Amino acid sequence: MSARIQNHRNRAQTRLDTAPLREFTARFATAEEIENWDKHVTANPNGGNMLQSAAYASVKNGSGWKVRFLVLESEGSTSYNLVLEKKFPVLGRLWYLIKGPDLQSAADLKPALEACAAFVRSQKLNVFTIKIEPDVVDSEDARARLADANLVKAPNIQSNDSTALLDISGAGEDVFKAISSRARNAIRRAEREGCQVVRQEQGPETYRALYDLMADTVKAKGSMPLRSYDYYARFWDEFCNRGQGNFFFVYEDGKPSVGAFVINYGAKATYKDGGSTQNRKQYGDSHLVQWAAISRMQELGCTEYDFCGTPPSSRIKDKSHNLYGMGMFKTSFTKTVTDFVGCYDYVLAPLKHRIWVNGGEKVFRRIETARTGQQFY
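Now for a look at the structure at hand. This structure is a prediction, so every number in the text was calculated from the model and none was measured.

1. Remarks on the side chain of Arg-227
In step 1: Along the chain, Arg-227 falls in the loop between helix H9 (204-221) and helix H10 (229-241).
In step 2: Although Arg-227 is buried, it makes no salt bridge; Asp-273 carries the closest opposite charge, 8.1 Å away.
In step 3: Here Arg-227 is in contact with Tyr-211, Tyr-232, Gln-375 and Tyr-377, once residues within four sequence places are set aside.

2. So, the state of the cysteines
In step 1: Tallied over the full model, the rule gives zero disulfides.
In step 2: No disulfide involves Cys-116; its nearest neighbouring cysteine sulfur is the one of Cys-343, lying 15 Å away.
In step 3: Among the cysteines around Cys-302, which has no disulfide bond, Cys-308 carries the closest sulfur, lying 14 Å off.
In step 4: A relative accessible area of 3% means that Cys-302 is categorised as buried.

3. Quick look at unusual backbone geometry
In step 1: Looking along the chain, the bond that leaves Gly-100 and enters Pro-101 is cis, with omega of 5°.
In step 2: Take Pro-101: it is sitting in the loop between strand E4 (92-97) and helix H5 (109-122).
In step 3: For Asn-126, which is not glycine, the phi dihedral falls at a positive 55°.
In step 4: Following the sequence through the fold, Asn-126 ends up in the loop between H5 and strand E5 (127-132).
In step 5: A positive phi angle, near 60°, is found at Cys-308, a position not held by glycine.
In step 6: Of note, Cys-308 is situated in the loop between strand E12 (304-306) and helix H12 (324-330).

4. Considerations on the sheet that holds strand E14 (residues 344-347)
In step 1: Taken together, the seven strands give an open sheet; going across it, the order is E1-E2-E3-E4-E5-E14-E6, and neighbouring strands pair in mixed fashion. With one partner strand each, in any of the chains shown, strand E1 (25-28) and strand E6 (151-153) form the two edges of the open sheet. Between one strand and the next, the sheet's axes are offset by a mean angle of 30°, whatever the strand orientation.
In step 2: Bridge count for E5 against E14 is four bridges, and the pairing is antiparallel.

5. A word on the environment of Thr-129
In step 1: Tracing the sequence through the fold places Thr-129 in strand E5.
In step 2: Other than its neighbours up to four places away in sequence, Thr-129 contacts Arg-93, Leu-94, Trp-95, Asp-345, Tyr-346, Val-347, Leu-348 and His-353.

6. Concerning the pairing of strand E11 (residues 268-276)
In step 1: The element E11 is extensively covered by neighbouring structure, given that seven of its nine residues are classed as buried.
In step 2: The pairing of strand E10 (residues 255-265) with E11 spans eight bridges and is antiparallel. What sits directly across from Asn-264, in E11, is Ala-269.
In step 3: In this structure, the hairpin formed by E10 and E11 is closed by a connection of two residues, where Gly-266 is found at a positive phi of approximately 65°.
In step 4: Bridge count between E11 and E12: three bridges; the pairing is parallel. Directly across from Ala-269, in E12, lies its bridge partner Tyr-305.
In step 5: Considered for its hand, the β-α-β crossover made up of E11, helix H11 (residues 285-299) and E12 is right-handed.

7. Overview of the sheet that holds E12
In step 1: The seven strands lie next to each other as E8-E9-E10-E11-E12-E7-E13, forming an open sheet whose pairing is mixed. One side of each edge strand has no neighbouring strand; the edge strands of this open sheet are strand E8 (198-200) and strand E13 (337-339). On average, each strand axis in the sheet is tilted by 35° relative to the strand beside it, whichever way the strands run.
In step 2: The pairing of strand E7 (residues 162-167) with E12 spans three bridges and is antiparallel. Residue pairing across strands places Leu-166 opposite Tyr-305, the latter belonging to E12.
In step 3: Strand contacts of H11: E7, E8, strand E9 (245-252), E10, E11 and E12, with the helix running at about 30° to E10, the strand carrying the most contacts.

Cut-offs and rules
- Residues numbered from 1 in each chain as written.
- Predicted model: local features only at pLDDT ≥ 70, side-chain atom pairs only at ≥ 80, totals over all residues.
- Heavy atoms only, no water.
- Helix = DSSP H or I, 4+ residues; strand = E, 2+ residues; numbered from the N terminus.
- Buried < 20%, exposed > 50% of the residue type's maximum accessible area, 1.4 Å probe, protein only.
- Lys, Arg positive; Asp, Glu negative; His and termini not counted.
- Salt bridge = Lys/Arg side-chain N within 4 Å of Asp/Glu carboxyl O.
- Contact = heavy atoms within 4.5 Å.
- Disulfide = S-S within 2.5 Å.
- Pairing = 2+ DSSP bridges.
- Axes fitted to C-alpha atoms, helices over the stretch in contact; angles between N-to-C directions.
- Right-handed = clockwise from strand over helix to strand, strands pointing away.

Given below as C-alpha cells:
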C-alpha cells in the first residue's frame with residue numbers, strides 16, 4: 001500500500017481515545033468565500049471533494065435542490081462544505097452534506113454535527129435530518145465514532161463509497177511500476193500496436209461521443225443507471241469551464257471506441273465518466289486511456305487518482321455484483337479497495353425521520369422522478 005493512501009487512511013480512521021472533543025461553530029459562507037469557494041474547499045483537512053466544488057454546486061442548483069455553502073470552524077481548523085437542501089410538505093427540509101463533512105478525524109463528527117444542529121435551529125430552518133457521507137475509511141473504530149455521534153445508517157448514494165485509489169504522487173516511471181503487470185502489459189501492447197489516445201476539447205461533439213459510449217456500456221452491462229444527456233452536458237460544461245474537466249478517447253475504424261472524462265480538483269483526480277463500444281479489436285485500449293489520464297493528472301499537480309467506484313472489498317471477486325467487471329478493471333491499477341463508511345443520517349426530528357424512512361422518501365423520490373425524469377439525488 002502506498003504511503004500517500006496509508007496517510008489518507010490514518011487521517012480518516014481515528015482510534016477511540018479519551019481526548020476531549022473539539023468545539024465547533026457553524027455558519028453560512030460569506031459572499032467572498034463563495035466567490036473563492038474552490039480555493040477554500042481544496043484547503044479542507046482532507047483536500048475536499050469534486051462533489052463539493054463550485055462546478056457541482058452550479059449543476060445541482062435549481063435542479064430540485066437549493067445549494068447552501070456551510071462553514072464549520074474550530075480552533076485552528078476551518079472546513080467548507082457544500083449542502084444540498086430540499087423541502088418537503090409536512091416534514092420540512094432535508095440537508096445533504098454530499099461527500100462531507102470534511103473533517104480532520106472521525107472524532108470531530110459529533111461536535112461538528114452538534115454545531116450544525118444548533119445553527120439550523122437558531123436560523124429556524126426546519127431541517128428534520130442532516131444526511132452525511134464523510135470520506136472516513138470504514139473500520140470498527142470509525143463505526144464506534146458514528147454511533148457515538150448518534151448517526152443512523154442510511155442507504156449509500158454515491159458510487160465511490162467503495163473505490164480504488166492510486167497514489168500518483170511519485171515519478172511517472174515509479175507509478176507505472178506500481179500498477180499490476182497485467183495493466184502494464186496491456187498498456188505496452190496497445191502502444192506497440194499503434195493505439196493512440198486523443199485529448200478532446202469540450203463541446204457538443206465531444207459530449208455526444210462520450211455519452212453514446214456510456215449508453216452502449218450501460219446497455220451491454222447494465223452496471224448503473226444513466227442520467228439524461230442534458231444533465232451530463234451541463235456537468236461536463238461546468239467543470240471544463242473552470243479548467244477542471246478532461247476528455248480522453250481512442251478510436252477504432254475512425255470512430256470513438258473508448259472514452260473517459262476525468263476531473264482534476266485540487267490534489268485529487270477522479271475518473272468520473274467512461275464508456276466503450278463492445279467487441280473491440282484493439283487490446284489494452286481502456287488501460288491506455290487510463291494511463292494517459294493518469295499522466296495528465298500528474299502534470300496538473302494531482303497526487304491521488306480515484307477510479308470512482310468498485311464493489312466493496314468483501315465482494316470484489318463476486319461475479320454476481322453489478323460492478324464486478326469494473327472492479328476487476330480498476331483493481332488492475334491498484335489492488336487496494338478502500339471502503340468508506342458511506343451514508344448516515346443525523347436526526348433532528350425523530351418523528352419526521354421515521355416518516356421519511358418508513359415510506360416517505362420512496363414516495364417523494366417516485367413523485368420527483370415521474371415529474372422530472374431525473375434521478376432524485
